Amino acid sequence: MKKTAFILFLSVFFFVLSTASGWAADNEPYKIGAIVAVTGNASFLGDPQRNTLEMVVDIINEEGGINGRPVELVLYDTESNASRAVTLARRLITRDNVLAVVGPSTSGESMAVIPVVNRAEVPMIAFGASTRIAEPVEERKWVFKVVPGDDLAIRLKYDYMKRNGIDKIAIATASTDYGISGRQHMRELAPEYDIDIVFDDTYGPGETDLTALLTRIRGTEAQAIINWSIGRTQIVITRNWKQLGMTIPLYQSYGFGSARNIEMAEGAAEGVIVPVSRIVIADLIADDDPHAPVVKRYKRLYEERFNEGVSVFGGHAWDAMFQLRDALAEVGPNRSAIREYMENISGFVGNNSIFNRSPQDHVGLDMDAYVMVKVKDGDWAIIDE
Amino acid sequence: MFDTILSGQIIQYLFTGLTIGAIYALTALGFNIIHNVTGIINFAQGDFVVWGGLLMVMFARFFGFPLPVAFFSVVGVMVFIGAFIYYFNIRPIKKPSILTMIMVTIAVSIILQGVAMFIWGKEPYALPSFIEGPPVYVYGAYIMRQSFWVLGISVAMVLFLTFFFNRTLIGKAMRACADDPGAAGLVGISTPLMICAAFMLGSALGAVGGAVITPITLMEYDRGAMIAIKGFGSAILGGLGSFSGAVIAGFMLGILESFATGFVSSAYKDAISLVLILGVLFTKPEGLFGSGANKKA
Amino acid sequence: MTTNTALKVSSFTVFIMILPWVLNLSSATAYYVDVMIFVAIHSIIGCGLSLLLGYAGQISLGQAAFYGIGAYTSGILTVRMDVNPWFAMAAGIFVASAIATAIGIPTLRLRGHYLAMATLGFGMIVFIVFNEYIALTGGPSGFGNIPPLSLMGHPIESSFSFYYLSWLAAIIVLTASLNIVNSRPGRALRSIHDSDKASASLGINVAMAKVKIFVVSGAFGALAGSLYAHYLTFVNPPAFDVFFSLKVLMIVVIGGIGSVWGAVFGAALLNFLPEWLVFLHDFDVLAYGIILLLVVMFSPQGIYGLLAGAAGYFFKFIRKESDHD
């Protein structure tokens with residue numbers, strides 16, 4: 001009796017196993033490749049991006065995958081190094097045979113990887129900020145971007161300054177890809193807004209004390225300072241600005257948009273003006289804002305799962321992954337069909353505002369991607385016009 | 001009007017330079033202490049500064065220790081780490097050539113940085129000033145209160161070291177080892193013990209620098225290499241092995257960088273200080289104030 | 001070249017020629033061809049430092065500067081002045097050699113830690129120039145669209161073809177280095193390693209010999225850099241920072257200081273290690289530190305020394321066994 005039961009159990013077991021494995025074969029996952037700077041000097045970008053990518057893939061799979069098939073994420077760390085990014089992009093394409101690549105995190109790495117994906121004809125959604133990543137569009141057939149360009153943030157700032165009677169400004173930029181790109185756009189756009197740049201200097205990304213630079217600005221006629229950097233120096237300049245008791249307003253780049261920066265500045269950030277992406281001020285957004293469902297959901301899920309504040313950089317990863325999900329659901333596992341879908345995406349609501357791409361524009365965002373905010377009582381406050 | 005603005009600026013640059021220079025000076029002293037006793041240039045010296053700063057943040061902010069307790073706990077932990085590095089990484093090496101020692105200390109530096117990343121992550125950390133309060137206004141310049149702490153503690157460290165090496169038995173024994181290890185051994189001084197003491201003192205000194213500067217500059221795990229390069233540069237400018245030279249050169253380098261930022265551009269200040277260091281190396285390798293007494297290198 | 005070295009080099013060449021075909025058998029390993037390209041590039045710059053370090057006993061913490069000079073010269077000449085990539089490569093090597101001569105003469109009079117500091121400072125200054133001289137170098141953003149090298153009108157841009165090009169260059173460099181080691185100047189170098197004074201008394205122009213080898217190491221670095229630029233078709237400053245100089249030093253020391261072969265082993269290890277340590281995520285740096293420390297502490301002759309030692313024992317053992325018969 002016992003023996004029969006055992007044999008019965010065994011046969012059922014094998015039956016289940018065999019059907020399960022048969023089912024698994026039809027259920028080959030969709031492979032998406034990711035290359036982000038988890039370590040190295042751009043880790044503050046890559047770290048939340050890695051977290052977000054893993055989270056979004058889990059969400060998609062919990063919802064039953066795409067067309068019944070799960071998504072598999074193959075993620076590698078570029079160590080913030082462009083040549084590593086190239087090697088890993090090739091690895092994703094030749095070894096892992098992914099359908100699309102998301103990342104890399106920085107503009108430098110993104111620029112280095114572009115020829116690889118163009119040659120291999122694999123769609124890539126880059127997280128770098130530089131406008132050069134998606135332009136000229138004829139040379140960027142397979143490349144898309146989810147980050148709104150620096151020029152949009154600068155236009156918003158200049159617009160705001162003009163309305164507040166500021167026309168002489170000092171600009172300080174870090175000598176990094178991010179800083180130089182911001183500086184270039186600030187200089188190019190200033191004449192259009194009739195703004196006079198009376199002071200312009202750059203500093204190294206490792207700078208630990210910027211009082212000397214601010215002291216020089218104090219000797220000019222500048223009515224406002226724009227600092228364009230990311231990472232530590234934006235905190236350093238904020239603290240030094242307060243310590244020197246400077247009265248002219250300090251504008252930061254959108255990279256300042258993280259609650260941790262306010263905390264690190266220890267009260268010095270009061271009054272700092274920043275254009276930020278909506279994810280930074282998710283709690284302040286009205287419920288009837290079209291972005292509210294996405295932005296609030298991302299913030300809630302991320303903070304529950306990782307127990308750390310959400311950042312604008314992770315938001316890029318969210319947007320890219322959900323765009324890919326929509327593409328795969330619509331066109332299936334075909335690289336050129338995915339590219340076509342990405343190129344014509346419209347009305348997609350993401351953390352970076354609403355995307356409307358076209359064959360002439362592989363970003364698809366406008367000035368609405370940013371909101372001007374001011375630091376008030378240790379938190380962000382939307383500047384009401 | 002113009003004059004007051006300019007003099008205010010100059011005082012501002014001077015104090016900024018002195019504050020940064022103090023850290024270069026402390027780091028350079030750390031290099032010299034270990035170099036004099038062992039002939040080793042410890043490339044992990046900058047990481048001691050980083051660890052000092054991060055431990056201070058941990059003790060003072062997260063454990064809520066009172067400042068003096070936190071400060072001495074930091075020094076205590078770093079003394080232990082210094083001894084640990086000596087016993088497990090330096091002592092086991094059988095044929096210590098200069099090249100081997102450079103490689104070992106570079107490896108130690110990479111490991112310290114990796115462990116710091118493991119413990120504290122990659123974000124910078126802030127620390128409140130030792131005594132809170134608005135900056136002091138002096139002749140058109142705003143001086144942070146913490147700057148006085150940095151300068152005061154640096155001067156105190158220099159005085160302490162002078163006393164230590166000239167008046168205490170262990171200090172004199174360390175100097176004896178530096179001058180002639182063979183003879184020191186004959187009179188019963190244990191060279192390994194003295195080398196260990198040098199590592200303990202060197203790492204404690206770096207940690208003190210890190211603990212006092214963090215309220216001004218913040219601190220994160222990967223700052224060590226840059227601090228080490230500037231500190232090493234100061235040690236060489238001042239003449240490798242010379243304590244007074246290291247202190248003067250450290251302050252000089254800090255002030256030079258600050259004025260370079262003020263009157264040229266922040267972007268080139270590192271290049272300016274490096275060119276100065278190379279210029280001195282090529283023309284006067286015994287250092288700006290040295291008399292060629294040091295033949296160890 | 002002795003017959004023994006000739007044998008080693010030719011069997012290594014055969015191995016390298018066959019390798020991609022083996023790797024391509026499985027899609028799991030096909031991508032290692034790409035990794036091997038970096039092994040070749042890093043072997044070239046490693047050989048240069050190996051000569052300097054292992055044979056002349058002179059440290060350099062600034063090799064990334066030559067790598068960068070080669071890459072930027074190639075990039076700037078081809079992109080901005082439309083120069084043929086092969087000429088650009090030659091120009092890069094020439095510029096790097098000229099700079100190495102100018103820097104080498106004052107620098108190599110220094111010794112030990114002073115030399116370490118001087119080369120470190122040199123590397124950092126060159127890095128600052130790459131970063132700040134925006135009009136020429138594109139600044140921190142770097143620049144792209146560098147044309148690939150081409151042979152009789154066929155661009156060498158696929159992994160497969162670039163693999164053979166880079167290894168051709170690496171094997172030429174390796175052979176040249178082995179020749180230098182075994183030549184009269186090579187023997188002079190080794191005597192420098194032992195003692196400056198002794199070499200001088202033997203009538204060797206110590207200063208000149210050191211500078212020459214420094215120039216050779218610079219030229220190798222520039223060749224590697226130029227290959228890098230034409231392979232990636234993009235250059236930006238972070239690839240040429242102090243940490244790359246440290247990486248080259250690690251390649252040579254971990255691989256084995258005693259032989260230029262060590263550079264090849266070191267380059268292979270440091271490029272394949274991250275592939276295998278992917279699961280460590282952030283902490284692979286820690287693993288490098290520990291490996292470096294262990295090698296320096298317990299196997300000063302590096303991986304190559306370890307392997308050569310093991311092989312030596314093995315052959316001795318075999319010979320002994322056959323003696324018994």
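Because the structure is a prediction, the values reported are computed rather than measured. (Residues numbered from 1 in each chain as written. Chains lettered and ligands numbered in written order. Predicted model: local features only at pLDDT ≥ 70, side-chain atom pairs only at ≥ 80, totals over all residues. Heavy atoms only, no water.)

S.K.: Break down the sheet that holds strand 1 (residues 30-36) of chain A for me, citing the residues and quoting the values.
M.R.: Note on sheets: strands pair through backbone hydrogen bonds, and any given pair is parallel or antiparallel. All names here are of chain A. Pairing in this open sheet of five strands is parallel, and the strands run 2-1-3-4-5 from one edge to the other. Unpaired on one side and paired on the other, strand 2 (71-77) and strand 5 (143-145) mark the two borders of the sheet. Across the sheet, the mean angle separating the axes of adjacent strands is 25 degrees when strand polarity is ignored. The sheet contact formed by strand 4 (residues 124-126) and strand 5 spans three bridges and is parallel. Counted as the bridge partner of methionine 124 is valine 143 from strand 5. (Pairing = 2+ DSSP bridges. Helix = DSSP H or I, 4+ residues; strand = E, 2+ residues; numbered from the N terminus. Axes fitted to C-alpha atoms, helices over the stretch in contact; angles between N-to-C directions.)

S.K.: A description of the interface of chain A and chain B should follow, citing residues and the corresponding values.
M.R.: Interface size is commonly expressed as the accessible surface area that is lost when the partners come together. Between chain A and chain B, the residue contacts involve 29 residues of the former and 32 residues of the latter. Buried area between chain A and chain B, both sides added, is near 2500 Å², and the carbon and sulfur share of it is 52%. The three residues of chain A that bury the most area against chain B are A:Arg216, A:Arg232 and A:Gln243, which together make up 21% of that side's buried surface. Counting across the chain A and chain B interface gives four salt bridges. Measuring nitrogen to oxygen at the nearest pair gives 2.5 Å for the salt bridge that ties B:Lys269 to A:Glu207. Here chain A and chain B share 13 residue pairs in polar contact (both at pLDDT 80 or more) between them. (Contact = heavy atoms within 4.5 Å. Buried area = accessible area lost by both parts, 1.4 Å probe. Salt bridge = Lys/Arg side-chain N within 4 Å of Asp/Glu carboxyl O. Polar contact = N/O pair within 3.5 Å; in protein donor to acceptor, adjacent residues only side chain to side chain.)

S.K.: Kindly report on the packing of aromatic side chains, identifying the contributing residues and their values.
M.R.: For the structure on display, the rule yields 55 aromatic pairs over all chains. Ring plane angle 65 degrees and centroid distance 5.8 Å describe the contact between A:Tyr298 and A:Tyr302, whose orientation is recorded as edge-to-face. Of the two residues, A:Tyr298 and A:Tyr302 both sit in helix 10 (residues 292-306), four residues apart, roughly one turn of that helix. For the residue pair A:Tyr298 and A:Tyr302, the accessibility class agrees, reading buried in each case. Ring centres 5.3 Å apart and planes at 45 degrees place the aromatic pair B:Phe165 and B:Phe243 in the tilted group. With B:Phe165 in helix 5 (residues 145-167) and B:Phe243 in helix 10 (residues 243-263), this residue pair connects regions lying 78 residues apart in the sequence. (Phe/Tyr/Trp six-rings, centres within 6.5 Å; stacked < 30°, edge-to-face > 60°. Buried < 20%, exposed > 50% of the residue type's maximum accessible area, 1.4 Å probe, protein only.)

S.K.: Let's hear about the packing of helix 3 (residues 63-81) of chain C against helix 11 (residues 242-255) of chain C: which residues, and what values?
M.R.: Residues and elements named next belong to chain C. Relative to each other, helix 3 and helix 11 sit at 110 degrees, their axes nearing to 7 Å. In terms of axis orientation, helix 3 runs roughly perpendicular to helix 11. In the packing of helix 3 onto helix 11, the handedness of the crossing is right-handed. Here helix 3 contributes Gln63, Ala64 and Tyr67 to the contact with helix 11, which in turn contributes Phe244, Ser245 and Val248. (Parallel < 35°, antiparallel > 145°, perpendicular 65-115°, else oblique. Left-handed = near helix turned anticlockwise from the far one by under 90°.)

S.K.: Lay out the domain arrangement of chain A in plain terms, naming residues and giving numbers.
M.R.: All names here are of chain A. Assigned domains of chain A: these are domain 1 (30-149 + 292-368) and domain 2 (150-284 + 370-382). Distance between the C-alpha centres of domain 1 and domain 2: 28 Å. Taken together, the contact pairs 23 residues of domain 1 with 19 residues of domain 2. When domain 1 packs against domain 2, the two sides together hide about 1900 Å² of surface, and 61% of this comes from carbon and sulfur. The three residues of domain 1 that bury the most area against domain 2 are Gly149, Val312 and Met367, which together make up 32% of that side's buried surface. Inspection of the domain 1/domain 2 interface yields three salt bridges. Across the salt bridge formed by arginine 132 and aspartate 177, the nearest N and O atoms sit 3.9 Å from each other. Our enumeration of links across domain 1 and domain 2 arrives at seven residue pairs in polar contact (both at pLDDT 80 or more). Put simply, the parts of the chain that give the side of domain 1 that touches domain 2 at least two residues each are helix 4 (107-120), helix 10 and helix 11 (312-331). Examining the composition of the side of domain 1 that touches domain 2, we find that four residues originate from one element, helix 10, more than from any other. Residue composition of the side of domain 1 that touches domain 2, by class: ten nonpolar, eight polar and five charged. (Domains from an automatic or database assignment. Nonpolar A, V, L, I, M, F, W, Y, C, P; charged D, E, K, R; others polar.)

S.K.: Explain the pairing of strand 1 of chain A to me, and be specific about the residues and the numbers.
M.R.: All names here are of chain A. Strand 1 sits mainly inside the fold: six of its seven residues count as buried. Note that strand 1 and strand 2 share seven bridges and pair parallel. In the strand pairing of strand 2, tyrosine 30 is matched with valine 71. This β-α-β element, strand 1 to helix 2 (residues 43-62) to strand 2, shows right-handed connectivity. Direction of pairing for strand 1 relative to strand 3 (residues 100-102): parallel, over a ladder of three bridges. (Right-handed = clockwise from strand over helix to strand, strands pointing away.)

S.K.: Mind laying out the pattern of salt bridges, listing which residues take part and the relevant values?
M.R.: Where charged atoms from two side chains of opposite charge come close, those side chains can pair. Overall, the coordinates contain 29 salt bridges over all chains when judged by the stated rule. Salt-bridge contacts for C:Asp34 lead to A:Arg90; the nearest nitrogen and oxygen are separated by 3.4 Å. Taken together, the residues span two chains, with C:Asp34 in helix 2 (residues 32-55) and A:Arg90 in helix 3 (residues 82-95). Each member of the pair, C:Asp34 together with A:Arg90, is buried. With a closest N to O distance of 2.6 Å, A:Arg260 and B:Glu123 form a salt bridge. A residue pair is termed interchain when its members come from two chains, as with A:Arg260 in helix 9 (residues 259-264) and B:Glu123 in the loop between helix 4 (98-120) and strand 1 (136-138). By relative accessible area, B:Glu123 is classed as partly exposed at 36%. A cluster of three or more residues bridged by salt bridges with shared partners is formed by A:Glu207, B:Lys230, B:Glu257, B:Lys269 and B:Asp270.

S.K.: Describe in detail the interface of chain C and chain B, supporting the description with residues and values.
M.R.: Listed by partner, the interface residues are 37 residues for chain C and 45 residues for chain B. Of the roughly 3600 Å² buried between chain C and chain B on both sides combined, carbon and sulfur atoms contribute 84%. Looking at the side of chain C facing chain B, the largest losses of area belong to C:His113, C:Tyr114 and C:Met117, adding up to 23% of the total buried there. The tally of links between chain C and chain B comes to zero salt bridges. When contributions to the side of chain C that touches chain B are tallied by element, the ones reaching two or more residues are helix 4 (85-107), helix 5 (112-132), helix 11 and helix 13 (284-298) of chain C.

S.K.: How would you explain the pairing of strand 10 (residues 273-277) of chain A if you had to name every residue and give the values?
M.R.: Residue and element names in this part refer to chain A. Judged by how many residues are buried, strand 10 sits mostly within the fold: five of five residues are covered. Of the two faces of strand 10, the one carrying Ile273, Pro275 and Ser277 and the one carrying Val274 and Val276 are both buried. Bridge analysis of strand 10 against strand 13 (residues 370-376) gives five bridges, and the strand direction is antiparallel. Bridging across to strand 13, serine 277 finds its partner in tyrosine 370.

S.K.: So what's going on with helix 4 of chain C? Residues and values would help.
M.R.: With 23 residues, helix 4 of chain C extends 32 Å between its outermost C-alpha atoms, agreeing within 8% with the 33 Å of an ideal straight helix rising 1.5 Å per residue. For helix 4 of chain C, the complete set of buried residues consists of C:Pro85, C:Ala88, C:Met89, C:Gly92, C:Ala96, C:Ser97, C:Ala100, C:Gly104, C:Pro106 and C:Thr107. Buried residues belonging to helix 4 of chain C abut helix 11 (269-283) of chain B together with helix 3, helix 5 and helix 10 (206-232) of chain C. Two to three positions downstream of the cap, the backbone nitrogen of C:Trp86 sits 2.7 Å from a side-chain oxygen, assigning the N-cap of helix 4 of chain C to C:Asn84. (Expected span 1.5 Å × (residues − 1).)

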